[in-house]
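# What the coordinates show
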Amino acid sequence: MKPVAFVIPWFGENLKGGAEQLAWQVSNRLAKRGHAIEVLTTCCASFLEDWSTNHLPAGARKSGGLLVRRFKVDKRNGDHFNHANSHALAIPPENLKPGINPFTFGTGELFVAENINSLALERYLKWHKNRYHAFVFLPYLYGIILKGLPHVAEKSFLQPCLHDEVYAYLPEVENIMRGCRGILYNSLGEERLAHTLFGPGIDRKGEVVGVGVESFDLTHQELPRQVAGLDLEEERYVLCLGRRDKTKNTALLVEAYQKYRKSHPDGRLKLVIAGPGEEKFGVSVQGIYDLGLVSELDKEALLSHCTALFQPSRNESYSRVIMEAWFYNRPVAVHAECLATAMAVDAAGGGVLATSCEEWAQLFDVISRMGESELCELGEKGREYARQYAEWDVVIDRYEKVLGLHSSDASAGKGQSRTGLRSIHQLVPGFAYGDAISNQTMIIRDLLKKQGYKSEIFTEQIDPSMTHEARLFKDGKGIKANVGLIYHHSIGAGLTDFVVNHPGPKSLIYHNITPPELVRDADPQLAVKLEQGLKDLSRLAPNFPVSAGDSRFNCRDLEESGFISPSVLPICVAPEKWNIPAEPNMMMRLQDGKDNILFVGRLVANKCQHDLVNAFAEYFSMYGNCRLILVGGFIEKESYYQSLKEQVRLRGLEGDVLFAGKVTDNILHSCYRCADLFWSMSEHEGFGVPLVEAMWFDIPVLAYKSSAIPETLGEGGLLFTDKQNLKELAVAARLLMHDPDVRARILSGQKRRRKAFLPEAIQPQLDALVRGMNG
Amino acid sequence: MLETKNPEIDIAQLLERIGLELKRQQKSVAGGQNRVVPEELAINDPYSWGQLSSTLNVAEQNVNAGAEVTSMLHYRGIIRKIARFLGKVTVFLGRVITIPQRNFNSALLHCFRITLDGIRDMNRQTALFEQQVSRRMEQMERLLREKAALVDYLKTGLVVQERRTSILLEELRRQVVEDNGSPESSGHRLTDLDILDPLYLAFENQFRGTREEIRDRLLEYLPLIRATGAGASGREILDIGCGRGEWLGIMQDEGLSARGLDLNHVLVQECRERGFEVVENDALSYLRSLPDNSLGAITSFHLIEHLGFNERIALFDESVRVLKPGGIALFETPNPRNLLVGSCNFWADPTHLRPLYPETHQFLMEYRGFCRVELLFLHPHEGEQRLPEDEAPQLAARLNEVFSCARDYTVLGYKA
């Protein structure tokens, strides 16, 4: 197998820094397992040296099991870089908002241009990418990563080691996060941060691999029983391990302990603080032992005997000591506001969370009351988790899987399930970028190809930017008589005659037709087409023994037109569509602290935007500080749009209802990203793609129960059956947006439901359809 | 009315929470005033900004036009290979033009982005300026209003001073006449009350309420007066203590014949300027000067609390005497049943003597010869000033009864 290359600005065994250590460990451990591993790095010795000096010789050199290639760094202007960097660091954290470049014009580019760069390395990547199986780039914020990754994007895995800091908001960082093939996260918290910053488009290519912890290898040594005069086996104590200073919140813990002692004067539980740092803590407080810096051996001894480990810090990106404590079966307590540690504890169930001083004080009491078995039970859960994410063997297994290093992975799953037919083509009236039906045809084509069928898409009308995906239909050219044909029927098209006469096996997929009377006033031409579509349906029925609708609701139309037992093939809605940047102006406008209530759908009477405006007005009068965003095409002169506008004016909501119109995907992306609630009053949805999209964006959905909506939502969202009681609806909306518990429950339902619309989820239904065609 | 298939959601519990929240909402009516952030500074139609920016994105995507050959997937087989080859040749030859063109494109795009940023900043600043200007304008208007009020006050003062000067002159003249041996003295005497007249006017302006407010309140009496036929010729209405003449104004507008009576020279002057007929005199001496059965109605608003007991009895007696049969007399005064009025507000006017107990008042009028004597309780606190009655209804109702009930009452009676 071709080698895997790790790309990192600096490389060496004894380099300080999380990413450098990680690269050393992972590359060496993979090499030890017999994989061909190379490291592509610079001649610069370390982060602390001058980035434009070549301390080490360029060229390839063997080091252990690795081949290390070093490249010369470019000359750079350090002053310019420092200027840009200090500008970046001066930006207050509250000004950092996802999707908005916080660097004012030019400084961001300067930061990248004068970073550590190596043209030689870039050139190497460009010319030799075919020699490698995959590239792992880490960490995210250096020039060689930002500029190097795009050259080999389709083979690249990014291990960003992402922090919530100003650099993470650089457009260049978004560029590599979106462009790379896969993302390796160190922790669940990091994954969550990436989701917040870049949306759901990158969700499915990310994988939490974890980071191994080495120190527990020490346990074979005999551990001391006493540390600094403290008898470890006799005393019950809570341990706080790590840097002792303000940023690590040690003072909070001391204060909490004092509170605990005040309310429990005879409590036996002690607090032991250990780690580097100048300041002394709790000198005069009885029961607190500040040991300062301790040896590794003492540290292990302290960890193995403690009642629990408390980690009060609020800004940890990955806390090694938590994993260590878990390896000793000890429970931990962490700060609930620290994303990385809190998520780990939450996921593991190996401890507890606290925020305020009172809560921490209570924790001391809770821990002191717990018996050894209870403590062990928590610790055991933590240990399970640590084994998953902090034991090198498991972590390296995961790297192997993600990077596709098992030779069996590559050849899996091609052409096994093909039956009878050799080619199955699809015929669709129109084909355009971003259109749900067009996306569906592409996904079906890919699924068919995966199974070994030849498959192409033919269409009557094609968007010029999509010519590489589909072919123009010309009197059936390219569709032989014996091939299978899937015909997508929506509005009346000139294809009906052709498909009726097609002699080969065929099936029909029906996408909802809006009842023509609903659009006749607004767009008479469209109404005629829709009518034609419905008429055609009954002509098609006798010719298509195999048919499917997007939803059960749509199947009813089919049955009424004479189709026999149509099946359901839901529209595939995958989040990858949103792996595009959000529109920055819209992001800026919508992240102003107001509640954003969103509905996506054409402005037509049957989607009931008028009801939504009324409901919104009610919500506004009760709570204020909110905005309604109506995304969806409309014609300026159309009466429905005009009446909506008038309604908004009469309600005095002119500044608070945004008619966004038909928008680009980038703007729609911004709307979804910033929305706090998706609220539908619609009375006619044949399937409801936006509902599923909202679920992917983790927006709680509140929807009127009508047409196909309950079917599409499944266990996601909250349905209502009565449009009249607006006050009650407004409160429900409020709870969905602002009650953390209700919101979390709704979102977890939606997380489960949305998976039903992934390509792999609709595969069985597609298979059934294809089997039907084969007879 | 809510439904979900999500097993984690307990609908009954959710509905209960919604009910609780609704109750809480009803209590705090202030929800509607939450409108905090004004919608976007300056950028009036930010959506078109978004479009502008996405148009630029499109331009950006095409900035490198002519650098690569398209994949030509619509051709197949050998044709595609030839097409690709020809394409590459074209692209290579075209570089003479496309390279400077691409440079030009990206330079222009760069310029656009900078300009766009600049315009956006400028827009934001304009909005800030607009806000500042409108704030300043408001300040100016407020200042102007204050100045206008001051001018009015000075004008009144001037009138008073003129009058005093003329009295002094008169006095002087009288003195001269006396010195010359003439026994008659007919001039006006300067009294303490005269000095207080403008003060009382200023006080009324500050404490009694605006003309419009008072007018609105007084309109309630119109049907009562109309029912007795007062105001027709021969059934004139007399308003004792007519003050600034709000009631006389109503009478004039309604075409009813009415006359005012007041002791305060400044107020009388003001009423006369407005074209009302007003007598400057004290109530009792004027009533005594009128013949029996000569008036259709006697009204008096917030006067009797300035009178002593004997004067009040005399007022009732005289009123009965001068009214025509069927005539009405009504007297409005602060209501001491309202605890706030009785214990505090009543004493805002330093010339008030004492609060009058409604039923005593009613009794006195009946006793002095009026018939069908009634009490009307008026002007209770309404809306937000009342204690909401939904939490502890009994307590709130009780408290409202003493603190928010009618602030004034009127006792009225008819001559048989």
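Look up a bit, the structure's there.
Now for a look at the structure at hand. Quick caveat: nothing in here was measured; it's all calculated off a predicted structure. Numbering of residues starts from 1 in each chain and follows the order in which that chain's sequence is written. Each chain takes a letter, starting from A, and each ligand takes a number, starting from 1, following the order in which they are written. Per-residue local features are limited, in this predicted model, to residues with pLDDT of at least 70; the limit for side-chain atom pairs, both in listing and counting, is 80 or more; totals at the level of whole chains, interfaces and linings are taken over all residues. Values reported for side chains reflect all heavy atoms of the structure, with hydrogen atoms and water molecules removed beforehand.

## A closer look at the overall build of chain B
Inclusion rule: Helix and strand definitions follow DSSP, with helices as H or I runs of at least four residues and strands as E runs of at least two, each counted in order from the N terminus. Only protein chains enter the calculation, and the probe is 1.4 Å; a residue is then buried if its accessible area is under 20% of its type maximum, exposed if over 50%, and partly exposed in between. Using a 1.4 Å probe, accessible areas were evaluated by the Shrake-Rupley method; residue-level cover was limited to the displayed protein chains.
In terms of helices and strands, chain B carries 13 helices and eight strands. Taking all 416 residues of chain B together, 36% fall into the buried category. On chain B, roughly 25,300 Å² of surface is accessible, and the fraction owed to carbon and sulfur atoms is 58%.

## Some points on the overall build of chain A
Cut-off, in case you're wondering: For this measure, only C-alpha atoms enter the radius of gyration; the expected value for a globule follows 2.2 Å times N^0.38, where N is the number of residues. By definition, residues are in contact when any of their heavy atoms lie within 4.5 Å. Under the convention used here, Asp and Glu are negative, Lys and Arg are positive, and both His and the chain ends fall outside the count. Here the site of a charge means atom NZ of a Lys, CZ of an Arg, CG of an Asp or CD of a Glu.
Regarding its fold elements, chain A presents 28 helices and 29 strands. Its C-alpha atoms give chain A a radius of gyration of 30 Å, within 12% of the compact-globule value 28 Å for 775 residues. If you line up chain A on its principal axes, its C-alpha atoms span 90 × 65 × 55 Å. Residues classed as buried in chain A amount to 58% of the 775 residues present. A separation threshold of at least 6 residues defines the contact pool for chain A, and within that pool the share at least 24 residues apart is 70%. Of the roughly 31,400 Å² that chain A leaves accessible, carbon and sulfur atoms contribute 51%. If you average the places of the 88 positive and of the 95 negative side-chain charges in chain A, the two averages end up 5 Å apart.

## As for unusual backbone geometry
Residues and elements named next belong to chain A. The omega torsion of the bond from L138 to P139 falls at -15°, within 30 degrees of zero and hence cis. Summarising the element assignment, P139 is placed in the loop between β5 (134-137) and α5 (143-148). Its identity is not glycine, yet N625 carries a phi of approximately 45°, on the positive side. Within the element layout of this structure, N625 appears in the loop between α21 (609-623) and β25 (626-631). The class for N625 is partly exposed, based on a relative accessible area of 22%. The backbone of S707 shows a phi angle near 40°, a positive value even though the residue is not glycine. As for its placement among the helices and strands, S707 is situated in the loop between β28 (701-704) and α25 (709-713).

## A word on the environment of Y200(B)
Residue and element names in this part refer to chain B. Within the secondary structure, Y200 is located in helix α4 (residues 192-207). When the C-alpha atoms of Y200 and Y153 are compared, they prove to be 12 Å apart, with 47 residues separating the residues in sequence. When near neighbours in sequence (up to four residues on either side) are disregarded, Y200 contacts N264, H306, D349 and T351.

## Re the packing of aromatic side chains
How two aromatic rings sit relative to each other is given by the distance of their centres and the angle of their planes. All names here are of chain A. What counts here: Classification of ring pairs uses Phe, Tyr and Trp, with its six-membered ring standing for Trp, and accepts pairs whose centres are within 6.5 Å; under 30 degrees between planes counts as stacked, over 60 as edge-to-face, and the remaining range as tilted. Sitting over a ring, as applied to charges here, requires NZ of Lys or CZ of Arg to be within 6 Å of the ring centre and within 35 degrees of the ring normal.
A full pass over the atoms with the stated rule returns 42 aromatic pairs over all chains. Seen from their ring centres, F103 and F111 are 6.2 Å apart, and the 45° between their planes marks the pair as tilted. Of the two residues examined, F103 and F111, each falls in the buried class. Aromatic side chains Y619 and Y623 sit 5.0 Å apart centroid to centroid with 40° between the ring planes, which places their arrangement in the tilted category. With a gap of four residues between them, Y619 and Y623 both fall in helix α21, about one helical turn apart. You'll find Y619 and Y623 in the same group, each marked buried. Through a chain of ring-to-ring contacts, three or more aromatic side chains come together here, namely W10, F47, W51, F81, F103, F111, Y142 and Y167. Sitting over the face of the ring of F544, K506 holds its NZ or CZ atom 5.3 Å from the ring centroid. The cationic tip of K723 hangs over the ring face of Y704; the distance from NZ or CZ to the ring centre is 4.7 Å.

## As for the pairing of strand β27 (residues 677-680) of chain A
Residue and element names in this part refer to chain A. Heads up, the condition is: Only strands that DSSP links by at least two bridges are regarded as paired with each other. A clockwise path from the first strand over the helix to the second, with the strands pointing away from the viewer, defines a right-handed crossover.
Of the two faces of β27, the one carrying L677 and W679 and the one carrying F678 and S680 are both buried. Sheet analysis places strand β24 (residues 595-600) next to β27, joined by two bridges and oriented parallel. Note on β27: the bridge partner recorded for L598 is F678. For the handedness criterion, the β-α-β arrangement of β27, helix α24 (residues 689-696) and β28 is classed as right-handed.

## Details of the packing of helix α10 (residues 320-327) of chain A against helix α13 (residues 372-389) of chain A
Helix packing for two helices is described by the angle between their axes and how far apart those axes are. Residues and elements named next belong to chain A. As a reminder, the rule being used: Angles run from 0 to 180 degrees between N-to-C directions of axes, and those axes are lines fitted to C-alpha atoms, restricted for helices to the stretch in contact. Angles below 35 degrees are treated as roughly parallel, those above 145 as roughly antiparallel, those between 65 and 115 as roughly perpendicular, and all remaining angles as oblique. We call a crossing left-handed when the near helix sits turned anticlockwise from the far one by less than a right angle, and right-handed when that turn is clockwise.
Interhelical geometry of α10 versus α13 gives an angle of 120° and a closest axis separation of 7 Å. It follows that α10 is oblique to α13 by the angle criterion. The two elements α10 and α13 cross, and the hand of that crossing is left-handed. The residues of α13 that touch α10, namely those facing M323, W326 and F327, are G379, G382, R383, Y385, A386 and R387.

## What to know about the nonpolar core
Residues and elements named next belong to chain A. Operational definition: Here, nonpolar core refers to any group of buried Ala, Val, Leu, Ile, Met, Phe, Trp, Tyr and Cys residues whose side-chain atoms link them within 4.5 Å.
Among the nonpolar cores identified, the biggest contains 87 residues, and L598, V631, Y672, F678, W679 and M681 are the most heavily contacted of them. In this structure Y672 touches W578, L598, V600, F678, P690, E693, A694, F697 and I699, once residues within four positions along its chain are discounted. Grouped together as the second largest cluster of nonpolar side chains are 84 residues, I144, L158, Y169 and L241 included.

## A word on the sheet that holds strand β8 (residues 408-414) of chain B
Residue and element names in this part refer to chain B. What the seven strands build is an open sheet, ordered β4-β3-β2-β5-β6-β8-β7; its pairing is mixed. Edge positions in the open sheet fall to β4 (278-280) and β7 (371-378), since each of these has one partner strand only. Taking the axes of each pair of neighbouring strands and ignoring which way they run, one obtains an average angle of 15° across the sheet. Bridge analysis of strand β2 (residues 237-240) against strand β5 (residues 295-301) gives three bridges, and the strand direction is parallel. Note on β5: the bridge partner recorded for I237 is A297. Along the sheet face, helix α12 (residues 358-367) touches β6 (323-334), β7 and β8 and points at about 155° away from the line of β7.

## Section: the side chain of S118(A)
Residue and element names in this part refer to chain A. Cut-off, in case you're wondering: The term polar contact refers here to a pair of N or O atoms within 3.5 Å; inside protein, the definition further demands a hydrogen-donor-capable atom paired with an acceptor-capable atom, and it admits residues adjacent in sequence only when both atoms are side-chain atoms.
One can find S118 in the loop between α3 (107-113) and α4 (119-128). Among the polar contacts listed, one links the side chain of S118 to the backbone oxygen of K72, at a separation of 2.8 Å. Those residues in contact with S118 that lie beyond four places of it in its chain are F71, K72, V73, D74 and I144.

## Thoughts on the side chain of T712(A)
Positionally, T712(A) belongs in helix α25. Excluding residues that lie within four positions of it along the chain, T712(A) makes contacts with F687(A), G688(A), L691(A), V692(A), M695(A), R753(A) and F757(A).

## Points about the pattern of salt bridges
Filter applied, for reference: Definition used for salt bridges: Asp or Glu carboxyl oxygen within 4 Å of a side-chain nitrogen of Lys or Arg.
The final tally for this structure, using the stated rule, is 52 salt bridges over all chains. Close ionic contact of R321(B) with D292(B) constitutes a salt bridge, the shortest N to O distance being 2.6 Å. Pair noted here: R321(B) is in helix α10 (residues 309-322) and D292(B) is in the loop between α9 (283-288) and β5, with a separation of 29 residues, a long-range link. Since its relative accessible area comes to 24%, R321(B) is described here as partly exposed. Salt bridges linked by common partners bring R33(A), D393(A), D397(A) and E400(A) together as one network.

## Notes on the sheet that holds β24(A)
Overall, mixed pairing links the seven strands, which are arranged β26(A)-β25(A)-β24(A)-β27(A)-β28(A)-β29(A)-β1(B) in an open sheet. Of all strands in the sheet, those with a lone pairing partner are β26 (657-661) of chain A together with β1 (2-3) of chain B, marking the two edges. Where β24(A) lies against β25(A), six bridges are found, and the strand directions are parallel. Bridge assignment links L598(A) to a residue of β25(A), and that residue is I629(A).

## Remarks on the interface of chain B and chain A
The line we're drawing: Simply put, the buried area is the total loss of 1.4 Å probe accessible area from both parts when two parts are fitted together. Residues are grouped as follows: Ala, Val, Leu, Ile, Met, Phe, Trp, Tyr, Cys and Pro are nonpolar; Asp, Glu, Lys and Arg are charged; all remaining types, including Gly, are polar.
Residue-level contacts link 40 residues of chain B with 49 residues of chain A. Overall, the association of chain B and chain A removes approximately 4,000 Å² of surface from exposure, summing both partners, and the carbon and sulfur fraction of that is 55%. The tally of links between chain B and chain A comes to three salt bridges. The shortest N-O distance in the salt bridge between R752(A) and E8(B) comes to 2.8 Å. The interface formed by chain B and chain A contains 11 residue pairs in polar contact (both at pLDDT 80 or more). Of all elements in the fold, only β1, α1 (11-27), α2 (46-61) and α3 (77-179) of chain B reach the threshold of two or more residues within the side of chain B that touches chain A. When residues in the side of chain B that touches chain A are grouped by element, the largest group, eight residues, is from α1(B). Along the lines of polarity and charge, the residues of the side of chain B that touches chain A split into 16 nonpolar, 11 polar and 13 charged.

Purely geometric numbers; function is a separate question.
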